[in-house]
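Commentary on secondary and tertiary structure
The residues making up each chain are set out below.
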Amino acid sequence: MTLPDARIPVPGYSRREISVGIVHFGVGGFHRAHQAMYIDRLLEKGLAREWGICGVGVMPADRRMQEALDAQDRLYTLILTHPDGTWEPRIIGSIVDYRYAPDDPEAVIELLAAPTTRIISLTVTEGGYNIRHDTGDFDTDNPDIRRDLAATGPPATVFGLITEALARRRARGIPSPTLMSCDNIEGNGTVARRVFTAYARLVDPDLAQWISDNTRFPNSMVDRITPVTTDEVVAGLSERFDIQDRWPVAAEPFTAWVLEDDFADGRPPLEEAGVQLVDDVGPYELMKLRLLNVGHQGLCYFAYLMGYRLVHEAAQDPLIARFLLEYMDTEATPTLRPVPGIDLDEYKHTLIERFANPEIRDTVARLCAESSDRIPKWLLPVIRENLATGGPVRLSAAIVASWARYAEGVDEHGEPIAVVDRLADTLVPLARTQLTHPSAFIENKAVFGDLAHDVRFVDAYTWALNALHSDGARATLFELPGEPS
Ligand SMILES: NC(=O)c1ccc[n+]([C@@H]2O[C@H](COP(=O)([O-])OP(=O)(O)OC[C@H]3O[C@@H](n4cnc5c(N)ncnc54)[C@H](O)[C@@H]3O)[C@@H](O)[C@H]2O)c1
Ligand SMILES: O=P(O)(O)OC[C@@H](O)[C@@H](O)[C@H](O)[C@H](O)CO
């Protein structure tokens with residue numbers, strides 16, 4: 001990385017004096033735009049010097065992150081991209097170390113077991129929690145998990161690595177750290193507690209009990225739209241600011257982190273960096289997941305089928321914006337709880353503005369990826385709640401139908417769609433049978449449970465799917481809001 005010119009803020013603190021207190025799994029775009037930025041803010045204020053971050057990668061793709069960060073002393077540029085075209089870069093210094101776990105799993109376990117590591121945090125995506133959608137249980141059929149449980153070699157998954165470290169801490173009388181999930185999952189801390197204790201139970205029930213008694217798993221709501229870094233961002237940074245950065249990250253200016261104040265062995269003074277520490281994150285999480293994240297899913301399949309490839313262009317389409325606001329008002333909002341300090345109407349309109357920010361250049365493809373991890377965790381709970389209370393499901397069912405239509409893998413012009421989903425081999429063939437068997441997709445119990453047995457849902461879903469097939473995405477959106485025709 002070349003040193004930036006004097007206009008660019010760089011760490012004003014001495015990074016050599018920062019020790020690792022947080023070990024983070026899943027150093028991707030979001031972690032670098034969010035948690036690492038908050039810690040950097042604290043360090044800049046002269047605080048949290050024992051809370052530096054060591055990133056850990058366990059997936060093959062993380063090798064590239066290790067190489068990029070190692071080549072530039074783990075510094076990188078965070079660029080906030082404002083709607084007026086202004087880019088606001090800052091060099092972030094809070095990641096002081098990075099380990100690619102397959103290179104030396106033992107060293108990673110010892111780092112996790114060290115008394116100085118007091119928080120282990122995660123942004124390992126929704127799929128990283130290894131949950132079966134049909135039962136909600138920890139998925140012991142996953143071959144990686146089976147391999148770690150068989151213990152024929154060193155652990156390779158987050159579950160194997162962290163559990164072994166917790167076992168060593170217990171044996172050595174070292175307090176448990178906090179396991180802090182920052183993924184977009186409802187009750188992310190509660191879910192993390194469930195899956196990590198489920199894994200530990202399979203290894204050693206006494207250890208599972210120790211984890212259950214000692215480890216804290218705070219829930220959180222995390223928010224900052226962070227697209228995948230493109231070559232244009234790398235080149236733009238070089239042209240505008242003369243910074244050569246192998247892997248910068250660009251994100252929207254908006255950021256939020258609401259965090260349950262429940263830590264096992266201390267925490268950085270995050271409130272000094274703008275984090276909202278609360279007793280109950282639930283209302284904030286529901287608001288964000290059911291409005292923003294479902295909003296993204298409500299946008300992406302229709303948008304793709306209509307020919308949009310960039311999120312801001314789709315969000316500027318009045319038909320799409322109307323559909324999203326209508327879904328938020330009539331189907332999502334009734335399932336929310338009062339959110340202290342938030343004006344929900346304003347929040348919803350701000351969301352449309354955030355989606356429409358032309359400088360984010362988020363891709364529709366990013367939002368369409370791994371739908372089978374997202375729809376069951378974010379949208380299906382809204383549908384089930386509305387079915388149980390007699391609430392409307394027409395627009396939610398249309399979002400599911402738009403996913404099913406997208407999963408056919410062919411767009412409205414007959415062009416192929418690359419469906420990126422770990423269940424693609426199951427879902428694409430199923431979707432392709434739905435012209436003759438309209439409920440084929442939602443009969444997949446592993447994803448939808450018994451939803452295909454609910455007549456009200458199936459009617460709404462079938463209407464939308466038929467409309468998508470016969471009239472196309474734009475005409476379906478035109479027809480949708482309001483009462484069924
Ligand atoms: N990008 C955003 O706008 C955003 C905003 C809020 C929250 N988040 C949360 O952060 C997560 C990551 O988003 P991102 O944009 O950083 O994605 P990314 O693809 O840039 O990074 C994901 C990281 O998770 C790792 N990972 C994936 N599956 C894993 C597994 N099974 N075990 C261990 N590591 C695994 C990847 O190797 C990578 O390091 C999201 O899934 C979401 O839950 C993202
Ligand atoms: O990253 P995911 O898979 O959880 O979800 C895709 C997007 O909805 C998400 O990344 C949002 O951009 C983010 O949650 C905004 O805070």
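Residues numbered from 1 in each chain as written. Chains lettered and ligands numbered in written order. Predicted model: local features only at pLDDT ≥ 70, side-chain atom pairs only at ≥ 80, totals over all residues. Heavy atoms only, no water.

The protein goes by Mannitol dehydrogenase family protein in an unreviewed UniProt entry, where it is assigned to Rhodococcus chondri.

In this section: the overall build of the protein. Looking only at helices and strands, one finds 21 helices and 11 strands in the protein. Here the C-alpha atoms of the protein give a radius of gyration of 23 Å, agreeing with the 23 Å that 2.2 N^0.38 yields for 485 residues. In terms of overall dimensions, the protein has a C-alpha envelope of 65 × 55 × 40 Å along the principal axes. The buried share of the protein, reckoned over its 485 residues, is 59%. Sequence-distant contacts in the protein: of pairs separated by 6 or more residues, those separated by 24 or more amount to 78%. Entry remark: accessible area of the protein is about 19200 Å², with carbon and sulfur atoms responsible for 52%. Where the 47 positive side-chain charges of the protein centre and where its 72 negative ones centre are 3 Å apart. (Helix = DSSP H or I, 4+ residues; strand = E, 2+ residues; numbered from the N terminus. Rg over C-alpha atoms; globule rule 2.2 N^0.38 Å. Buried < 20%, exposed > 50% of the residue type's maximum accessible area, 1.4 Å probe, protein only. Contact = heavy atoms within 4.5 Å. Areas by Shrake-Rupley, 256 points an atom, 1.4 Å probe, with all protein chains shown as cover. Lys, Arg positive; Asp, Glu negative; His and termini not counted. Charge placed at Lys NZ, Arg CZ, Asp CG, Glu CD.)

Turning next to the layout of surface pockets. As a volume, the second largest pocket reaches approximately 350 Å³. Along the wall of the second largest pocket there are 18 residues; nearest its centre are Ile-131, Arg-194, Pro-376, Lys-377 and Pro-381. Of all the secondary structure elements, the ones that give two or more residues to the lining of the second largest pocket are helix H7 (188-203), helix H15 (371-378), helix H16 (380-389) and helix H19 (445-448). For the lining of the second largest pocket, the class distribution of residues is 8 nonpolar, 4 polar and 6 charged. Counting residues domain by domain, the lining of the second largest pocket receives three or more from each of domain 1 (15-278) and domain 2 (282-479). (1 Å grid on protein atoms, 1.4 Å probe; cavity = no way out; pocket = protein on both sides within 12 Å on 5 of 7 lines; lining within 4 Å. Points joined across faces, edges and corners; volume = space filled by probe spheres on them. Nonpolar A, V, L, I, M, F, W, Y, C, P; charged D, E, K, R; others polar. Domains from an automatic or database assignment.)

Let us now look at the domain arrangement of the protein. What the domain assignment reports for the protein is domain 1 (15-278) and domain 2 (282-479). Computed over C-alpha atoms only, the centres of domain 1 and domain 2 are separated by 28 Å. Across the contact, 31 residues belong to domain 1 and 30 residues belong to domain 2. Regarding the contact of domain 1 and domain 2, the summed buried area is about 2500 Å², with carbon and sulfur atoms giving 58% of it. Two residues, Glu-186 and Arg-290, come together in a salt bridge whose shortest N-O distance is 3.3 Å. Linking domain 1 with domain 2 are 13 residue pairs in polar contact (both at pLDDT 80 or more), by the criterion used here. Considering each element in turn, the side of domain 1 that touches domain 2 owes the most residues, 4 residues, to strand S8 (residues 220-223). (Buried area = accessible area lost by both parts, 1.4 Å probe. Salt bridge = Lys/Arg side-chain N within 4 Å of Asp/Glu carboxyl O. Polar contact = N/O pair within 3.5 Å; in protein donor to acceptor, adjacent residues only side chain to side chain.)

Once that is clear, we can look at the pattern of salt bridges. Here the structure, examined in full by the defined rule, presents 32 salt bridges. Note that Asp-373 and Arg-422 form a salt bridge whose closest N and O atoms lie 2.9 Å from each other. Residue Asp-373 is located in helix H15, and its partner Arg-422 is located in the loop between helix H17 (394-406) and helix H18 (424-431); the two are separated by 49 residues in the primary sequence. Residue Arg-422 is classed as partly exposed on the basis of its relative accessible area, which comes to 48%.

Turning next to the site of ligand 1. Lining the immediate environment of ligand 1, one finds 22 residues, of which Phe-30, Asp-62, Glu-126, Asp-183 and Asn-184 sit closest. Phe-30 is positioned such that a nitrogen or oxygen atom in its backbone is 2.9 Å from an oxygen atom of ligand 1. At a separation of 2.8 Å, an oxygen atom of ligand 1 approaches a polar backbone atom of Asn-184. Calculation on ligand 1 without its partners gives an accessible area of 830 Å², and the protein chains cover 78% of this total. For the shell around ligand 1, the residue count by class is 9 nonpolar, 8 polar and 5 charged. (Near = heavy atom within 4 Å.)

Per the UniProt record, "domain: Mannitol dehydrogenase C-terminal" (unreviewed entry) is annotated on residues 280-468. In this annotation, residues 280-468 is assigned 63% helix and 0% strand; the end-to-end C-alpha distance for the span is 41 Å. (UniProt positions renumbered as here; feature names shortened; annotations may be inferred.)

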